[in-house]
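# An overview of the molecular structure
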Amino acid sequence: FYVTYDIASSKDLQAERIDHLRKLIEEINHPKVTIADTRVAEVKDIAQHLDRALENGYEGVIARLPTAKYENKRSKNLIKIKKRLEEDYTIVDILE
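Keep in mind the model is a prediction, meaning the values are calculated, not measured.

### Notes on the environment of Arg84
Among the structural elements, Arg84 can be located in the segment after strand 4 (78-81). Owing to a relative accessible area of 71%, Arg84 belongs among the exposed residues under this scheme. Separated by 40 residues in sequence, Arg84 and Lys44 place their C-alpha atoms 17 Å apart. Looking at Arg84, its side chain comes within polar contact range of the side chain of Glu86, at 3.4 Å.

### A word on the side chain of Thr4
Of note, Thr4 is situated in strand 1 (residues 2-4). If near-sequence neighbours (up to four positions away) are discounted, Thr4 is found in contact with Leu21, Ile25, Thr34, Ile35 and Ala36.

### Quick notes on unusual backbone geometry
Backbone geometry at Asn29 places phi at a positive 50°, although glycine is not the residue there. For Asn29, the location among the structural elements is in the loop between helix 1 (14-28) and strand 2 (33-35). A relative accessible area of 64% places Asn29 in the exposed class.

### Description of the confidence of the model for the protein chain
Averaged over every residue, the pLDDT of the protein chain is 88; residues scoring 70 or more account for 100%. Highest mean pLDDT in the protein chain belongs to helix 1 (92); lowest belongs to strand 1 (86).

### Overview of the pattern of salt bridges
Within the structure shown, the criterion is met by nine salt bridges. We note a salt bridge from Asp19 to Arg39, for which the minimum N-O separation is 2.9 Å. With Asp19 in helix 1 and Arg39 in the loop between strand 2 and helix 2 (44-55), this residue pair connects regions lying 20 residues apart in the sequence. Arg39 is the salt-bridge partner of Asp37, the closest N and O atoms lying 3.4 Å from each other. A relative accessible area of 25% places Asp37 in the partly exposed class. If you follow the salt bridges from partner to partner, you end up with Asp19, Arg22, Asp37 and Arg39 in one network.

### Quick look at the nonpolar core
Residues Ile7, Ile18, Leu21, Ile25 and Ile35 constitute the largest nonpolar core, which totals five residues. Per-element accounting of this core gives the leading share, three residues, to helix 1. For Ile25, the residues in contact, after removing those within four places along its chain, are Thr4, Val33, Thr34 and Ile35.

How each quantity is defined
Residues numbered from 1 in each chain as written. Predicted model: local features only at pLDDT ≥ 70, side-chain atom pairs only at ≥ 80, totals over all residues. Heavy atoms only, no water. Helix = DSSP H or I, 4+ residues; strand = E, 2+ residues; numbered from the N terminus. Buried < 20%, exposed > 50% of the residue type's maximum accessible area, 1.4 Å probe, protein only. Polar contact = N/O pair within 3.5 Å; in protein donor to acceptor, adjacent residues only side chain to side chain. Contact = heavy atoms within 4.5 Å. pLDDT = per-residue confidence, 0-100. Salt bridge = Lys/Arg side-chain N within 4 Å of Asp/Glu carboxyl O. Core = buried A, V, L, I, M, F, W, Y, C linked by side-chain atoms within 4.5 Å.

Here it is in structure tokens:
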């Protein structure tokens, strides 16, 4: 599969870029080309989306502000969300 995420060359806002990208993918009409886009209404819905992404083998999700313009740098308009795994272990031996 080829998963698309954004249109980096566009000056439109995030929501407009995704709508345009969705139309382009519909025009291409190829079974192996898709878009990574899930819109959530509330922050609490992100956890459910993250769980689905992890079940499908993704490392996490990226949340973007729908009113943000594309920035070709680190941006406060998007955030990478991952689950952090922590475990405790007991050291039973040391070999030198």
